[in-house]
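One letter stands for each residue in the lines below.
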Amino acid sequence: VAPPAPPPPAVSVPRTAGRVGVRCAAEGAAPLLNAKQAKTLKVGSYFGLWYAFNVAFNLVNKALLNMWCRPWTLSTIQLGVGAVYCTTLWTLGLRQRPTVTPKLLKAMFLPSLGHALGHVLSCISFSAVAIS
């Protein structure tokens, strides 16, 4: 006589195409999210994480600028660390190295200048005023 089959799991991950979610096997419930909803939730989570990390970054910057009032130097160091980090990832092959062309440099010049200027100005404003 064969041993009895094990009971079905209490929770299963559905494998249907286009549907993502967790359902209870006993209830036979439909998946909670379809693929579009799951993607929307994922992107929304990224925005939430970006906001939370940005708040933490701003508070740390303000605390640092309260102790060391050198906003130009701080922003230069921060941008330099970012450049070294990206270069290290490209050199070690952990990220694909971008193909840089003169057309790309021309297209990226104004956005990168705006990003750098915005970062410097935010550091200057944090050193000059209170944040809450």
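Placed above this text is the structure.
Residues numbered from 1 in each chain as written. Predicted model: local features only at pLDDT ≥ 70, side-chain atom pairs only at ≥ 80, totals over all residues. Heavy atoms only, no water.

Draft legend 1. Molecular detail of the overall build of the protein chain. Check the secondary structure of the protein chain and you find 3 helices and 4 strands. Reading the protein chain from its N end, one meets helices and strands in the order β-β-β-β-α-α-α. Taking all 132 residues of the protein chain together, the buried fraction comes to 11%. Roughly 10700 Å² of accessible area belongs to the protein chain as shown, and the carbon and sulfur atoms make up 71% of that amount. (Helix = DSSP H or I, 4+ residues; strand = E, 2+ residues; numbered from the N terminus. Buried < 20%, exposed > 50% of the residue type's maximum accessible area, 1.4 Å probe, protein only. Areas by Shrake-Rupley, 256 points an atom, 1.4 Å probe, with all protein chains shown as cover.)

Draft legend 2. Main features of the packing of helix α2 (residues 71-92) against helix α3 (residues 102-128). Interhelical geometry of α2 versus α3 gives an angle of 140° and a closest axis separation of 9 Å. On the basis of their axis angle, the class for α2 and α3 is oblique. In the packing of α2 onto α3, the handedness of the crossing is right-handed. Within the contact between the two elements, α2 uses Pro71, Trp72, Leu74, Ser75, Gln78 and Leu79 and α3 uses His115, Ala116, His119, Val120, Cys123, Ile124 and Ser127. Considering only residue class, the contact of α2 with α3 consists of 8 nonpolar, 5 polar and no charged. (Axes fitted to C-alpha atoms, helices over the stretch in contact; angles between N-to-C directions. Parallel < 35°, antiparallel > 145°, perpendicular 65-115°, else oblique. Left-handed = near helix turned anticlockwise from the far one by under 90°. Contact = heavy atoms within 4.5 Å. Nonpolar A, V, L, I, M, F, W, Y, C, P; charged D, E, K, R; others polar.)

Draft legend 3. Structural context of the packing of helix α1 (residues 35-67) against α3. Packing of α1 against α3 brings their axes to within 9 Å, and their N-to-C directions diverge by 55°. Between α1 and α3, the interaxial angle falls into the category oblique. Considering how the two elements wind past one another, α1 and α3 form a crossing that is right-handed. Within the contact between the two elements, α1 uses Phe57, Asn58, Asn61, Lys62 and Leu65 and α3 uses His119, Cys123, Phe126 and Ser127. By residue class, the composition of the contact of α1 with α3 is 4 nonpolar, 4 polar and 1 charged.

Draft legend 4. Region of the structure containing α1. Helix length check: α1 (33 residues) gives 48 Å between terminal C-alpha atoms against 48 Å at 1.5 Å per residue, within 8%. Taken together, the buried positions of α1 are occupied by Asn61, Lys62 and Leu65. The N-terminus of α1 is capped by Asn34, whose side-chain oxygen sits 3.1 Å from the backbone nitrogen of Lys36. (Expected span 1.5 Å × (residues − 1). Polar contact = N/O pair within 3.5 Å; in protein donor to acceptor, adjacent residues only side chain to side chain.)

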